[in-house]
Structures are given as C-alpha cells and as structure tokens.
Amino acid sequence: MSQHILIVEDEQSLAQVLGEYIKQAGFDVHIINDGLAVIDWLKANPVDLIILDLMLPGKSGLDIYRELRTFTNVPVVMATARIDEIDRLIGLELGADDYICKPYSPREVVVRVKNILRRSGDDKVVSAQLLSINEETMQVLVKGQEVSLTRAEFRLLLHFYQHSERVFSREQLMSQIYSDNRVVTDRTIDSHIKNLRRKIQNIDAEVDCIQSIYGVGYKFAL
C-alpha cells in the first residue's frame, strides 16, 4: 500500500513540481495551498508525512504545526525561504523531523522523505514486537503472552492499533465499537479503556499504549 504525503505550499508551481517527483518515487500525494484548510483536512485524512511551508495564506506553518501536534505525531518537514529562519525554528525546539530551505532540490526532498519514513517504519517494527493483533482469530499478544479481551475491548484496541497516533473522541470510539446504534455513555468507553490498560499492564506494567488527551479523547502510541 502506497504511503501518503501531504504538501502544504502556497506556491502552486513549486508544489506541483515537488508533488510529481514524490509521485514518481511511489507515494500518493495531496496538495493544499491555503493554511486555513490544513487542520480540518488532516483530521479526516491521515497521512504518513507532511511537507509544511512556513509562510502560508490564512494560517502560518508554525501555527499549523503547533495545532496538529495536539492530535497527531505524523512526521513533518518544515520548509522556509530563509536559512536564518531554520536556525530560529530549531532554537524553538519544535520537534519537526527535518527542515529544508528554498530553493530546494526536489530530488533531495524525496531522499529526505524516504529516510524519515524508513526510520518511522523501524519504530513500527519495535511496536509490533511489543504488541501483536490477529484480526481473524481475535488473538492479542503482549510481548508474546496472550491477553484475554471481550469483543468490545478487542474492537477498540484494533481500531486504535490501525490508526496509531490519531486522536479519537469518545463519540467516535462509541460509533466504531457499537455499530448497532445502541445507547451508551462516555463512561462505557472509559471503562473499556481502563480494562484494556489493566489487562495489558498485568503482563508488562511499562506498556502504556492508550493515552488520554485531556479534553479531547484518547490515542494509541507505542
């Protein structure tokens, strides 16, 4: 399955050229030119990496980065036309995965994208060693030891695992687990998550893969 790259760049000709290079490297590409459209689009369309220009109409790349970090840890490459701006961004310790200065070589950007995604893939291998889920048999292993889950707990964990690092509200989780439109409350989701954490940590207390995001909901991260 192709990995998805989001290019956020208001210079349309530059975005199109870079997008073509990234497509030729085997990735799917989506381009957004307006800073105001980025966050809502990302909440509905998870991607594997973002190339984010600093100067955008509507909302700056800096503000976009800070907001997206409240609900996703997707890798981000920040782009700017000023080399001194990169020094300032690094000084702010934003945590972006890489920085590029315009005018840049599209070929070099593709290489950087591949390197970042490869490192992310290595992290996923580590996660797989900690947690293994078999959808067909409903078997869950934590460090090789089987965990007994209810159907609702399994569906919840599987949904988190398939959408790692994405934040979900309680309402979204309820609709995912209970497709028959039964009436359930926020406390039901909280109870399932509490039980999931307890069962997983009974095997290894250090494996805390479901994180609470205050005022928003929950996300899965290993």
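The preceding data block contains the structure.
> An account of the side chain of His159 is requested, with residue identities and associated values reported.
With respect to the helices, strands and loops of the structure, His159 is situated in helix α6 (residues 151-162). According to the relative accessible area criterion, His159 is buried, its value standing at 8%. Ignoring any residue separated from it by four or fewer positions in sequence, one finds His159 in contact with Phe168, Leu173 and Gln176.

> Let's hear about the nonpolar core: which residues, and what values?
Soluble, globular proteins show a tendency: their nonpolar side chains are buried together. Of all hydrophobic cores here, the largest spans 25 residues; its most connected members are Val140, Leu157, Phe160, Leu173, Ile193 and Ile210. Looking at this core, the elements with two or more residues in it are β6 (131-134), β7 (139-142), α6, α7 (170-177), α8 (186-203) and β10 (217-220). Among the elements that line this core, the one with the most residues is α6, at six residues. Those residues in contact with Ile193 that sit more than four places away from it in its chain are Leu156, Phe160, Leu173, Ile210 and Tyr218. Leu42, Ile64, Leu68 and Met78 belong to the second largest nonpolar core, which has 23 residues in total.

> Please set out the sheet that holds strand β3 (residues 49-53) residue by residue, giving values where relevant.
Taken in spatial order, the five strands of this open sheet run β2-β1-β3-β4-β5, and their pairing is parallel. This sheet does not close on itself; its edge strands, each paired only once, are β2 (28-32) and β5 (98-101). Strand-to-strand, the axes of this sheet are offset by a mean angle of 20°, without reference to chain direction. Relative to β3, strand β1 (residues 4-8) is paired through four bridges, and the arrangement is parallel. Bridge pairing in β3 places Leu6 opposite Ile50.

> Summarise the packing of aromatic side chains; cite the residues concerned and give the values.
The final tally for this structure, using the stated rule, is two aromatic pairs. An angle of 70° between the planes, with centres 6.4 Å apart, marks the rings of Phe160 and Phe168 as edge-to-face. On the basis of relative accessibility, which here comes to 0%, the residue Phe160 falls in the buried class. Taking the centre distance of 5.7 Å and the plane angle of 85° together, the rings of Tyr161 and Phe220 count as edge-to-face. One end of the pair, Tyr161, is in helix α6; the other, Phe220, is in strand β10, with 59 residues separating them in the sequence. Assessed through its relative accessible area of 28%, Tyr161 is described here as partly exposed. The ring centre of Phe71 lies 5.4 Å from the NZ or CZ of Lys43, which sits over that ring.

Rules of the game
Residues numbered from 1 in each chain as written. Predicted model: local features only at pLDDT ≥ 70, side-chain atom pairs only at ≥ 80, totals over all residues. Heavy atoms only, no water. Helix = DSSP H or I, 4+ residues; strand = E, 2+ residues; numbered from the N terminus. Buried < 20%, exposed > 50% of the residue type's maximum accessible area, 1.4 Å probe, protein only. Contact = heavy atoms within 4.5 Å. Core = buried A, V, L, I, M, F, W, Y, C linked by side-chain atoms within 4.5 Å. Pairing = 2+ DSSP bridges. Axes fitted to C-alpha atoms, helices over the stretch in contact; angles between N-to-C directions. Phe/Tyr/Trp six-rings, centres within 6.5 Å; stacked < 30°, edge-to-face > 60°. Lys NZ or Arg CZ within 6 Å of the ring centre and 35° of its normal.

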